[in-house]
Amino acid sequence: MKSLKIVAIAAASLLANSAFAAAVVTDTTQFDLGFTVSNTDLLQTSLASSVFTGEFSHEGSTGAAALNNGIYGAQGNQGSFGNGTEAATASSGSVATFTFSGAGGYNITSVDSYAGWDDYRGGQSYDLSYATAADPSNFIYLASVYNDAQAGGNTNTHANILGSSGYLASNVQSLRFEFKGDLTYGYAGYREIDVQGVAAAVPEPQSYALMLAGLGAIGFVARRRKLAQQ
């Protein structure tokens, strides 16, 4: 019975680590003042690949590369007619998928997205989903961001996504941002995406086998007890 108890504790721990907390989104809008972004987050230090589909370079802006280059940029229109080219102008249906290195994926603690343009395209609208290392082709909805900030000077927005408790999501292999076109002025000028987290442990195969065997034994004991009580 003692060994079953140890296995039960290990199994509970594994299940707890694979769970995620409800996402909490906080939006901040400010005018004529940008934000400080990270140049050491997971999208810059632990990225295996990135895939972009759709339009990210309206008005001569940088394009998708601006999403994780560690630069916020100057105020105003960040296209060829503005103050530089540090924005990714994501249109409706544009998708950015970031895949991390590491066999076990990452336990994500926060996701921050930043946008900035002139009076009209500094808002944000997208759905965020993730896939785990165990099931890398299955993307699970995590959170939505919507802030139609506009008209008040050079508009800058910051969306912060946290878990209501614990990790936002665990064992994450990929994050997918699906941008929408439901803002008043269509596309927005995204400046940066920062993802924070820690590498997830990869249990050894024998640990999985022990856990499964233990769970089976626990179920067997529980059934015997139930039958004995009838």
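The structure presented is a predicted model; accordingly, all values stated were derived computationally and were not measured.

Rules behind the numbers
Note on numbering: residues in each chain are counted from 1, in written sequence order. Per-residue local features of the predicted model are confined to residues with pLDDT of at least 70, and side-chain atom pairs are confined, for both listing and counting, to 80 or more; whole-chain, interface and lining totals are unaffected and use all residues. To obtain the side-chain values, all non-hydrogen atoms of the structure were included, while hydrogens and water were left out. Segments assigned H or I by DSSP are reported as helices when at least four residues long, segments assigned E as strands when at least two residues long, and all are numbered from the N terminus. We call two residues in contact when some of their heavy atoms are within 4.5 Å. For accessible areas, the Shrake-Rupley method is used with a probe of radius 1.4 Å. Any residue's cover is judged against the shown protein chains and nothing else. Partly exposed describes any residue whose relative accessible area lies between the buried limit of under 20% and the exposed limit of over 50%, with all areas from a 1.4 Å probe on protein chains only and scaled to the type maximum. At least two bridges found by DSSP between two strands is the condition for calling them paired. Stacked, edge-to-face and tilted labels apply to pairs of Phe, Tyr and Trp rings (six-membered ring for Trp) whose centres lie within 6.5 Å, assigned for plane angles under 30 degrees, over 60, and everything in between, in that order. Two limits define a charge over a ring: the Lys NZ or Arg CZ must be within 6 Å of the ring centre, and within 35 degrees of the ring normal.

A count of helices and strands for the chain gives three helices and ten strands. Reading the secondary structure of the chain in the N-to-C direction produces α-β-α-β-β-β-β-β-β-β-β-β-α. A fraction of 84% describes how many contacts in the chain between residues 6 or more apart in sequence connect residues 24 or more apart. Taken as a whole, the chain presents about 10900 Å² of accessible surface, with 56% of it coming from carbon and sulfur.

For strand β9 (residues 169–179), the tally of buried residues reaches eight of eleven residues, placing the bulk of the element in the interior. When strand β4 (residues 95–100) meets β9, the two strands line up antiparallel, connected through five bridges. Following the sheet pairing, Ala96 is matched in β9 by Phe177. Here strand β5 (residues 106–116) pairs with β9 via two bridges, running antiparallel. Considered in β9, the bridge of Tyr106 is made with Val172. Pairing between strand β6 (residues 124–132) and β9: seven bridges, direction antiparallel.

Following the criterion strictly, the structure yields 13 aromatic pairs and no others. Taking the centre distance of 5.7 Å and the plane angle of 80° together, the rings of Phe52 and Phe98 count as edge-to-face. Of the two residues, Phe52 is situated in strand β2 (residues 47–53) and Phe98 in strand β4; the sequence distance between them amounts to 46 residues. Phe52 sits in the partly exposed class, given a relative accessible area of 30%. Taken together, the ring pairs connect Phe52, Phe56, Phe98, Tyr126, Phe177, Phe179 and Tyr190 into an aromatic cluster. Above the ring of Tyr187, the side-chain terminus of Arg121 is found at 4.1 Å from the ring centroid. Cation over ring: Arg176 sits above Phe139, and NZ or CZ is 3.8 Å from the ring centre.

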